[in-house]
Amino acid sequence: MNQLKARLQGRSELGIALLLGVVGAVVLWDTAQLNAPYSQADPVGPKAVPYMVAALLLATAVVLTWNVLRGGHGEAEGGEDVDLSHPTDWATVVPLIVVFTANILLINWAGWVISGMLLFWGSAWALGSRHYVRDPLISLAMSLTTFYGFYAGLGILLPAGLLEGVL
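Now for a quick tour of the structure. This is a predicted model, so every value here is computed, not measured. (Residues numbered from 1 in each chain as written. Predicted model: local features only at pLDDT ≥ 70, side-chain atom pairs only at ≥ 80, totals over all residues. Heavy atoms only, no water.)

### Section: the overall build of the protein chain
Next, step 1: On a plain count of helices and strands, the protein chain comes out with 6 helices and 0 strands.
Next, step 2: Secondary structure of the protein chain in N-to-C order comes out as α-α-α-α-α-α.
Next, step 3: By sequence separation, contacts in the protein chain at least 24 residues apart represent 56% of the contacts at least 6 residues apart.
Next, step 4: As displayed, the protein chain offers around 12300 Å² of accessible surface, 68% of which is attributable to carbon and sulfur atoms. (Helix = DSSP H or I, 4+ residues; strand = E, 2+ residues; numbered from the N terminus. Contact = heavy atoms within 4.5 Å. Areas by Shrake-Rupley, 256 points an atom, 1.4 Å probe, with all protein chains shown as cover.)

Shown next as structure tokens:
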């Protein structure tokens, strides 16, 4: 066990490769579950792009794993605005995780406008903004803009939730 641990020391990229492989496998499995009849008007069908995405994810996972096991590694962040000696700022990360999780849990029940507003406002608050009147108003404008932008621009209706019939 210690030999395996020593061999994998400094190879955290294998975790990313594993994540890519799992996501690729889930996309592949989910695409295989699609029930889309063949159409003469669209011979490629709706499964082509998800299959390509799954193949690219799996290929990237394999190539990254191969590269890391052969000694390759990512370069450390060298940006001038990043101080690598400071630890993770959990006071920022945890509220962001909570806000994103709340968005996931609320989007179907409360709808995109409400959950999106909470997502945008909570993210701004977690990142340090303390404008208690301006931030919710901007967040509401952003969630309404994205709601109608998806509907008018892409033809995708986001869930309205509690505001069903109002929007």
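### Considerations on the packing of aromatic side chains
The way to describe two aromatic rings as a pair is by their centre distance and the angle between their planes.
Next, step 1: Under the counting rule described, the total for this entry stands at 2 aromatic pairs.
Next, step 2: With a centroid separation of 6.0 Å and 85° between ring planes, the pair formed by Trp112 and Phe120 is classed as edge-to-face.
Next, step 3: Both rings, one in Phe147 and one in Tyr148, keep their centres 5.2 Å apart while their planes meet at 90°; by these two values the pair is edge-to-face.
Next, step 4: Judged by its relative accessible area of 4%, Phe147 falls in the buried class.
Next, step 5: Tyr148 gets classed as partly exposed once you look at its relative accessible area, which sits at 38%. (Phe/Tyr/Trp six-rings, centres within 6.5 Å; stacked < 30°, edge-to-face > 60°. Buried < 20%, exposed > 50% of the residue type's maximum accessible area, 1.4 Å probe, protein only.)

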